[in-house]
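Architecture and fold: a report
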Amino acid sequence: MWKSHLRYAVIAGVAALLGVVACSPSHPPRPAAKKANNRKPAPNFALKDASGKVVQLADYKGKVVLLDFWATWCGPCKIEIPWFTEFQRKYKDRGFEVLGVSMDDDGWKSVTPFVAEKKINYRIVMGNDETGDQFGGLEALPTTFVIDRSGRIASVHVGLTNKKDFSDAIEELLEDPVQSARSATVGFNRGGANGAQPGHRAEPHS
Amino acid sequence: MAPNLAIAPSPTVKAKKGSTATITVKATLPPGFHANSNTPTDEYLIPLTLKWTGGPLQVGAITYPKGSQEKYSFSQKPLSVVTGEFAISTQFKVPANAATGAAAQNGTLRYQACNDRMCFAPKTVPVMLSLDIE
């Protein structure tokens, strides 16, 4: 009898717990990207790639961009990089690009062999503290911004993130016809500071 | 958010001219964070490094803590890391012609810390030993 009551109590408890979790306001279904009217322009920058060519973020206007701040000494970055290589291959033909910004102090000395070793198939540029400040002061790596075709930050991911969170955000932005239409009128913030104000971290999407 | 490595203040070390001394620097990382040991398992990782940059003592061997092998969600193999409180010892020789009295031996400790989801930029913190040379 007592055992039977205990069994029902346990079942009821588990069911209640599952119900609470399922209905909890802290676990609502979450869109992969912020709503378009909540997005702020990504700061523009001009940084050099391995060949010395100056690359501006504004050059990518009209494309969905995954902007990854990383470093060769960052373990969690090394988990995400193969995903980004896959995304570059998978989505490139749909107007998508990955752009990696290395924050290595010793520059290409570490980055060049790393890029070759990991077979990175997207462009890498060399970042600096100023770039980090433009994006809200990057306190931790990896920090990844998913940017819509209009040059606005749709999601921010600080630290190791689920692969699906990235792919959901990318797919959502690639499939949004409104963004394609708007890309002609909304641009990158060439002044630098914006939705990721210097000294103010952009709201992480996590 | 970024962890600060705390260096324990060291008591004044009495050092006799012409003698040798082993002096230990104690440092502490906050819970939940780790730093690479002096011998990380990956060539791209930044090792824990103590450098003595100035002072009256002649610097000998530096002995780092043996890294513990820890597995993290982002690493396919265990990493050699230090966590919590750890100590680094240095053998010094006090030159026979060192000036008598109070002195300081200065150095820097470079480390690069992570938690199980993210990493923080390498930092270099000052280290100072107070000496009383006799």
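In this report, we go over the structure that sits alongside the text. Quantities reported herein were computed from a predicted structural model and do not represent experimental measurements.

A word on the interface of chain B and chain A
Tallying the contact residues gives 17 residues for chain B and 19 residues for chain A. Both faces combined, the contact of chain B with chain A buries some 1,500 Å², and carbon together with sulfur accounts for 59% of it. At the surface where chain B touches chain A, the tally comes to one salt bridge. Where aspartate 42 of chain B meets lysine 78 of chain A, a salt bridge forms, and the shortest distance between an N and an O atom there is 3.1 Å. Where chain B packs against chain A, one counts seven residue pairs in polar contact (both at pLDDT 80 or more). Of the residues belonging to the side of chain B that touches chain A, the class tally is eleven nonpolar, two polar and four charged. Where strand 7 (residues 140–141) of chain A and strand 12 (residues 119–120) of chain B come together, two bridges link them in antiparallel fashion. Within the sheet, the bridge partner assigned to alanine 140 of chain A lies in strand 12 of chain B and is phenylalanine 120 of chain B.

Let's talk about the pairing of strand 9 (residues 85–93) of chain B
All names here are of chain B. Residues of strand 9 alternate between two faces, with Phe86, Ile88, Thr90 and Phe92 buried on one and Glu85, Ala87, Ser89, Gln91 and Lys93 left unburied on the opposite face. Of the strand pairs in this sheet, strand 6 (residues 58–63) and strand 9 are connected by four bridges, and their pairing is antiparallel. Its bridge partner lying in strand 9, threonine 63 is registered against serine 89.

A few points about the nonpolar core
Ranked by size, the top nonpolar core spans 65 residues in total, and within it Phe45, Leu57, Leu67, Phe69, Phe87, Phe96 and Phe145 of chain A carry the most contacts. Discounting chain neighbours no more than four positions away, the residues touching leucine 67 of chain A are Phe45, Leu57, Leu99, Val101, Phe135, Thr143, Thr144, Phe145 and Ile147 of chain A. Formed by 27 residues, the second largest nonpolar core is a distinct cluster that contains Ile23, Trp52, Leu131 and Ile133 of chain B.

Digging into the pattern of salt bridges
This model, assessed by the stated rule, comprises eleven salt bridges over all chains. Across the salt bridge formed by aspartate 132 of chain B and lysine 14 of chain B, the nearest N and O atoms sit 3.1 Å from each other. Of this pair, aspartate 132 of chain B sits in strand 13 (residues 123–133) while lysine 14 of chain B is found in strand 2 (residues 13–15), placing the two residues 118 residues apart along the sequence. A relative accessible area of 25% means that aspartate 132 of chain B is categorised as partly exposed. Sharing partners across several salt bridges, the network here consists of Arg39, Asp148 and Arg152 of chain A.

As for the side chain of serine 80 of chain B
Residues and elements named next belong to chain B. For serine 80, the location among the structural elements is in strand 8 (residues 79–82). What makes serine 80 buried here is its relative accessible area of 4%. Polar contacts involving the side chain of serine 80 include one to the side chain of serine 37, which spans 2.7 Å. Every residue in contact with serine 80, bar those within four places of it in the chain, is listed here: Ala35, Asn36, Ser37, Thr39, Pro40, Thr41, Gly67, Ser68 and Gln69.

Scoring rules and cut-offs
Residues numbered from 1 in each chain as written. Chains lettered and ligands numbered in written order. Predicted model: local features only at pLDDT ≥ 70, side-chain atom pairs only at ≥ 80, totals over all residues. Heavy atoms only, no water. Contact = heavy atoms within 4.5 Å. Buried area = accessible area lost by both parts, 1.4 Å probe. Salt bridge = Lys/Arg side-chain N within 4 Å of Asp/Glu carboxyl O. Polar contact = N/O pair within 3.5 Å; in protein donor to acceptor, adjacent residues only side chain to side chain. Nonpolar A, V, L, I, M, F, W, Y, C, P; charged D, E, K, R; others polar. Pairing = 2+ DSSP bridges. Helix = DSSP H or I, 4+ residues; strand = E, 2+ residues; numbered from the N terminus. Buried < 20%, exposed > 50% of the residue type's maximum accessible area, 1.4 Å probe, protein only. Core = buried A, V, L, I, M, F, W, Y, C linked by side-chain atoms within 4.5 Å.

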